[in-house]
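# What the coordinates show
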Amino acid sequence: MKLEDILKRCKKVTDPYRITNGDNFRLKDISPGDLLDFKSEDKPKAKEALAVGIQALADLQDKLYAQDRWGVLLIFQAMDAAGKDSAIKHVMSGINPQGCQVYSFKAPSAEDLDHDYLWRSMKCLPNRGHIGIFNRSYYEETLVVRVHPEFLAKQKLPPKLVSKHIWKERFQDIRCFERYLTRNGVVILKFFLHLSRKEQKKRFLERIEKPDKNWKFSPDDVAERQHWDQYMQAYEAAIRNTATKDAPWYVVPADNKWFTRVVVAAAIIEKLASLKLHYPEVSADQLKQLAAAKRALAKE
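A brief look at the structure comes next. (Residues numbered from 1 in each chain as written. Predicted model: local features only at pLDDT ≥ 70, side-chain atom pairs only at ≥ 80, totals over all residues. Heavy atoms only, no water.)

On to the overall build of the protein, then. The helix and strand inventory of the protein stands at 13 helices and six strands. In terms of C-alpha radius of gyration, the protein reaches 21 Å, essentially the compact-globule figure of 19 Å for 300 residues. Considered along the principal axes of its C-alpha atoms, the protein spans approximately 75 × 50 × 40 Å. Across the 300 residues in the protein, those meeting the buried criterion constitute 47%. (Helix = DSSP H or I, 4+ residues; strand = E, 2+ residues; numbered from the N terminus. Rg over C-alpha atoms; globule rule 2.2 N^0.38 Å. Buried < 20%, exposed > 50% of the residue type's maximum accessible area, 1.4 Å probe, protein only.)

Below you can see the structure in the form of structure tokens.
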């Protein structure tokens, strides 16, 4: 399939979920179970589409790596069991590992807490020519830290800086940080995998009931579930305040993992294709050198 045809399909899939201006955004306007024009029985077709997308993504990444001009940062945020790991695993399955960096951000270390909250993320930004993946990110500082004020207290900020405006200020800082990155050749795509509370319960029970999935479950997951409404409010606020044209959010329905993967892949392909990537051009002198090398090898 030609890239042009793939891009047409990508646009159809991504447009409903791309947020570039959050002023009027409401989380409830996007259903976690949405499938667009797909139906449950279309799962095999979606898998075929994903396979085509994975190949297209591999071709684009090869040019990204060779050109060595752009860096790509993919941010994944979600509630527990929304499928971040599986989305990364499946969508990026065709990527050359040499050109990909994955970081999972958990609770900050003592060293992290002795620095500003963006510090540990800055150390992990992708090189030019690489795709960087953040499994959770600096957005946790406006999500879990907002839901659990005790985490904010551990950051040792001067008291006068912890005001009622702190979340507004953090959103402003993040917008400026992301604008800085985009002005320096780092493309940013942010994905919120939008899972329903009902589906999360189903997946938690599956993790408990299936021995090979027990390792994925933590009692803390159930404890965090009790703060569901607070998390939804925090996510909505974060998306509202940090969705921009240069660093858009994709609010991706996550109740059906196969559909989630199709949307994520489509968004990445669409963005990479917009960069007009190409292999480095070879000069006339370099062509002469290649020809000379070919002749030398032929004589061996």
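Before going further, it helps to spend a moment on the packing of helix H3 (residues 84–91) against helix H12 (residues 257–274). The geometry of H3 relative to H12 is characterised by a closest axis approach of 9 Å and an angle of 55° between their N-to-C directions. Judged by the inter-axis angle, H3 sits oblique to H12. In this structure, the crossing between H3 and H12 has a hand that is right-handed. For the pair H3 and H12, the contacting residues are Ser86, Ala87, His90 and Val91 in the first and Lys257, Arg261, Val264, Ala265 and Ile268 in the second. Split by residue class, the contact of H3 with H12 holds five nonpolar, two polar and two charged. (Axes fitted to C-alpha atoms, helices over the stretch in contact; angles between N-to-C directions. Parallel < 35°, antiparallel > 145°, perpendicular 65-115°, else oblique. Left-handed = near helix turned anticlockwise from the far one by under 90°. Contact = heavy atoms within 4.5 Å. Nonpolar A, V, L, I, M, F, W, Y, C, P; charged D, E, K, R; others polar.)

Moving on, we get to empty space enclosed by the protein. Here the structure, examined in full by the defined rule, presents one cavity of 30 Å³ or more. One number sums up the size of the largest cavity: a volume of about 30 Å³. Taken together, Phe105, Tyr117, Arg120, Ser121, Ser137, Tyr138 and Glu141 form the lining of the largest cavity. (1 Å grid on protein atoms, 1.4 Å probe; cavity = no way out; pocket = protein on both sides within 12 Å on 5 of 7 lines; lining within 4 Å. Points joined across faces, edges and corners; volume = space filled by probe spheres on them.)

Okay, the side chain of Thr242 next. Tracing the backbone shows Thr242 in helix H11 (residues 228–242). If near-sequence neighbours (up to four positions away) are discounted, Thr242 is found in contact with Tyr139, Phe171, Ile174, Arg175, Glu178, Lys190, Ala247 and Trp249.

Turning our attention to the sheet that holds strand E3 (residues 100–104). Either a parallel or an antiparallel arrangement is found when strands of a sheet pair, and the pairing is made through backbone hydrogen bonds. Within the open sheet, the six strands sit side by side as E1-E6-E5-E2-E4-E3. Their pairing is mixed. On the outer flanks of this sheet lie strand E1 (18–19) and E3, each paired with one strand and no other. When strand E2 (residues 71–78) meets strand E5 (residues 186–194), the two strands line up parallel, connected through eight bridges. Note that in E5 the partner of Phe76 across the bridge is Phe191. Where helix H8 (residues 166–183) meets the sheet, its contacts fall on E2 and E5, and the angle it forms with E5 comes to roughly 135°. (Pairing = 2+ DSSP bridges.)

This paragraph deals with the nonpolar core. By size, the foremost hydrophobic cluster in this structure holds 85 residues, and its most contacted members are Leu74, Met92, Tyr138, Phe191, Leu193 and Ile268. Looking at this core element by element, the count peaks at eleven residues for H12. Look past the residues within four positions of Phe191 in its chain and what remains in contact with it is Leu74, Ile75, Phe76, Gln77, Trp249, Tyr250, Val252, Val264, Ala267 and Ile268. (Core = buried A, V, L, I, M, F, W, Y, C linked by side-chain atoms within 4.5 Å.)

Tracing the chain through its elements places Glu224 in helix H10 (residues 219–225). In this structure, Glu224 is buried with no salt-bridge partner, the nearest side chain bearing the opposite charge being Arg136 at 8.2 Å. When near neighbours in sequence (up to four residues on either side) are disregarded, Glu224 contacts Val144, His148 and Tyr231. (Lys, Arg positive; Asp, Glu negative; His and termini not counted. Salt bridge = Lys/Arg side-chain N within 4 Å of Asp/Glu carboxyl O.)

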